[in-house]
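Observations on chain architecture
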Amino acid sequence: MDIQLSDSARDWQKKIRRFVEDELIPWEEHAEMHGGELPPDIFRRHHEIACSELGLSRMDAPLAHGGLGLNMEEQVAIWEQLGRVTNALCWTCFPESQQWMFEACTPDQVERYISRLMDGSSQDAYAITEAESGSTETVNSTATVTDGGFLINGEKWFVTSGNRAEFLWVQAKIESGYDSLFLVDKDSAGIEVIDNPAFSHTFSAHHPTYRFTDVFVPGANLVGSEDAGMSYTRSWFRHERLMIAARCCGAASRMIEEATEWAKTRRIDEQVLADKQAIQFMLADSATELWAARLMLYEAARAHDQDENIKSLHTRCAMIKLYCSEMANRVCDRMLQIWGGRGYMRSNAVERFYRELRVDRIWEGSSEVQRMVIAGSLLKRGLEGM
Ligand SMILES: Cc1cc2nc3c(=O)[nH]c(=O)nc-3n(C[C@H](O)[C@H](O)[C@H](O)COP(=O)(O)OP(=O)(O)OC[C@H]3O[C@@H](n4cnc5c(N)ncnc54)[C@H](O)[C@@H]3O)c2cc1C
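Residues numbered from 1 in each chain as written. Predicted model: local features only at pLDDT ≥ 70, side-chain atom pairs only at ≥ 80, totals over all residues. Heavy atoms only, no water.

1. Side note on the packing of aromatic side chains
Between two aromatic rings, the relevant description is the distance of the centres plus the angle of the planes. Scanning the entire structure with this criterion turns up 14 aromatic pairs. One aromatic cluster in this structure is built from W100, Y113, Y126, F167, W169, Y232, W236 and F237. A cation sits over an aromatic face here: K15 above W12, 3.9 Å from the ring centre. When the ring centre of Y323 is taken as origin, the NZ or CZ atom of R330, which lies over that ring, is 5.9 Å away. (Phe/Tyr/Trp six-rings, centres within 6.5 Å; stacked < 30°, edge-to-face > 60°. Lys NZ or Arg CZ within 6 Å of the ring centre and 35° of its normal.)

Below is the structure:
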């Protein structure tokens, strides 16, 4: 089941597969039993390989800024391999500077914040969601003008990597009514963690809730123009939706491979499990859905590389995120069933994926939100314009 990839994307695929299998996967069970944490020297090693040797923290950063300037096909090939790992060991070992940040940020912001994501010396987190607005774009947090900058007030929920971040991308409404984006140092006075809930997965990156009370942000930390906050957030959504889809494909591949091997050796009633047709059907449906998902994924990545229409790309990212995340959850359920009781053990990757993949149908816009984006596009532009 091979997708035609450029030589360079194939090289990345091989390199990342080695990193995943030799360095990350051996630590999954340890992470599972230790709240997602690794021994500090192991974490440092992963970080060093990801940021310095492989340059993953700058894969999407433009060449002109010292990034790798990889195209989307290459990046998707990378994230697909990273998706084979559980416990978020793949993305918690490096921060990611994204191309849109270089378009949105001033040279001073690039120097103070983004260049430090590129070399892996800092970590960011996105504070967009609020108590009243996860699926809608309503922003209740406010940024009022004060001497030299803004005062931010509000509450932000589910801020992934909040515990590790040095700075936050915060969306807040300014007096003219625009939803603007700000770079906010996490140690600014007036920021407090009001909750740090436990979630289904065992990740070292937590998702705390923050309250902002009169948090001063210098005017120099407004990102782009006042009216552009939402468009940057959408750029971030497109990128994340594509890469979530890629990770879901990687996870599904690993689960299918491992369950197939297991089914070939497990004997029940003098027969191997793999000879039973009901089991074969589960494997067949899963492999077929994965194949469809990967074709969609790489087509969309190439459409990005050809600079196709932004609205069409936005719709395709919604479709891919919807299809790949739901596919991976269906595959996971079937593969766990093939493993039987052994699939319910936390030492089995399929059990961890069973908990971890669930959020891919919720974050970066739930499946229902993706369906709304797709339907909206169909109704406005028809199939031709999607
Ligand atoms: C682990 C985790 C990490 C996260 N990380 C971040 C982060 O780093 N930064 C950030 O800003 N946010 C983050 N989020 C927030 C995430 O994006 C939201 O949870 C998500 O968008 C859904 O919003 P909600 O939880 O408020 O659900 P709600 O908006 O309350 O929706 C509840 C349910 O109703 C459905 N629904 C809503 N509207 C409709 C409709 N019109 N028709 C049909 N169904 C509908 C939704 O699909 C959902 O199933 C994270 C969430 C989680 C769980």
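2. Let's talk about the site of the ligand
As a matter of local geometry, the ligand sits amid 16 residues, with T129, S135, F158, S366 and E368 nearest to it. With respect to the ligand, the backbone of I128 contributes an N or O atom lying 3.0 Å from an oxygen atom. Protein contact buries 65% of the 980 Å² of open area that the ligand shows by itself. Of the residues assigned to the shell around the ligand, the class counts are eight nonpolar, six polar and two charged. (Near = heavy atom within 4 Å. Polar contact = N/O pair within 3.5 Å; in protein donor to acceptor, adjacent residues only side chain to side chain. Areas by Shrake-Rupley, 256 points an atom, 1.4 Å probe, with all protein chains shown as cover. Nonpolar A, V, L, I, M, F, W, Y, C, P; charged D, E, K, R; others polar.)

3. Description of the nonpolar core
Core analysis: the biggest nonpolar cluster contains 75 residues, and L56, L82 and I338 have the highest contact counts within it. Residue assignment for this core shows that the elements contributing at least two residues are α1 (7-24), α3 (40-53), α4 (72-82), α7 (229-265), α8 (277-305), α9 (310-339) and α10 (349-356). Ranked by the residues each element gives to this core, the list is headed by α7, at 14 residues. Aside from chain neighbours lying at most four places away, what touches L56 is W12, I16, F19, A50, I78, L82, F94 and E96. (Core = buried A, V, L, I, M, F, W, Y, C linked by side-chain atoms within 4.5 Å. Buried < 20%, exposed > 50% of the residue type's maximum accessible area, 1.4 Å probe, protein only. Helix = DSSP H or I, 4+ residues; strand = E, 2+ residues; numbered from the N terminus. Contact = heavy atoms within 4.5 Å.)

4. Overview of the environment of Q370
Mapped onto the secondary structure, Q370 falls in helix α11 (residues 367-381). For Q370, a relative accessible area of 0% corresponds to the buried category. Sequence separation between Q370 and C317 is 53 residues, and the spatial gap between their C-alpha atoms is 8.7 Å. A distance of 3.0 Å separates a polar side-chain atom of Q370 from the backbone oxygen of E364.

5. Focus on the pairing of strand β3 (residues 149-156)
Both faces of the sheet carry side chains from a regular strand, because those side chains alternate between them. As defined by bridge partners, strand β2 (residues 142-146) adjoins β3 across five bridges and the pair is classed as antiparallel. The residue bridging T144 from the neighbouring strand is L151, located in β3. Here β2 hands over to β3 after two residues, with G148 in that stretch at a positive phi of 80 degrees. Bridge count for β3 against strand β7 (residues 209-218) is seven bridges, and the pairing is antiparallel. Its bridge partner lying in β7, G154 is registered against F212. (Pairing = 2+ DSSP bridges.)

6. Thoughts on the environment of G229
Position of G229 among the secondary structure elements: in helix α7. Residue classification places G229 among the buried residues on the basis of a relative accessible area of 0%. Between the C-alpha atom of G229 and that of Q171, which follows or precedes it by 58 residues, the distance is 7.0 Å. Leave out the neighbours within four places in its chain, and G229 touches Q171, D179, S180 and L181.

7. Describing α1
For α1, with 18 residues, the first-to-last C-alpha span of 25 Å sits near the 26 Å given by 1.5 Å per residue. Of all the positions in α1, only A9, W12, Q13, I16, F19, V20, E23 and L24 are classed as buried. One side of α1 carries all its buried residues, which in axial view fall inside an arc of 145 degrees. Exposed residues lying more than 90 degrees from the buried face of α1 are D7 and D22. On its buried face, α1 is in contact with α2 (28-33), α3, α4 and α8. (Expected span 1.5 Å × (residues − 1). Arc of directions from axis to C-beta.)

8. A short note on α10
Taking burial as the measure, the eight residues of α10 include seven buried ones, the bulk of the element. For α10, the full list of buried residues reads A349, V350, E351, R352, F353, R355 and E356. The secondary structure elements touched by the buried residues of α10 are α2, α7 and α9.

9. So, a nonpolar patch on the surface
There is a patch of nonpolar side chains on the surface, built from M1, W291 and L295 and spanning about 290 Å² of accessible area. As for its placement among the helices and strands, L295 is situated in helix α8. (Patch = residues over 30% accessible without salt bridge, like charges linked within 9 Å, V, L, I, M, F, W, Y side chains within 5 Å. Salt bridge = Lys/Arg side-chain N within 4 Å of Asp/Glu carboxyl O.)

10. Observations regarding the packing of α9 against α11
Direction vectors running N to C along α9 and α11 enclose 145 degrees, while the axes themselves pass 9 Å from each other. The interaxial crossing formed by α9 with α11 has left-handed handedness. Counted together, K311, H314, T315, A318, M319, K321, L322, S325 and E326 of α9 and S367, Q370, R371, V373, I374, S377 and R381 of α11 form the full contact between these two elements. For the contact of α9 with α11, the residue count by class is five nonpolar, six polar and five charged. (Axes fitted to C-alpha atoms, helices over the stretch in contact; angles between N-to-C directions. Left-handed = near helix turned anticlockwise from the far one by under 90°.)

11. Description of the pattern of salt bridges
This model, assessed by the stated rule, comprises 27 salt bridges. Note that R45 and E23 form a salt bridge whose closest N and O atoms lie 2.6 Å from each other. Separated by 22 residues along the polypeptide, R45 in helix α3 and E23 in helix α1 bring together distant segments of the chain. Residue R45 is classed as partly exposed on the basis of its relative accessible area, which comes to 42%. The exposure class of E23 is buried, given its relative accessible area of 16%. Beyond isolated ion pairs, a larger network of salt bridges with shared partners links R17, E21, R84 and E257.

The analysis is restricted to geometry; functional conclusions fall outside its scope.
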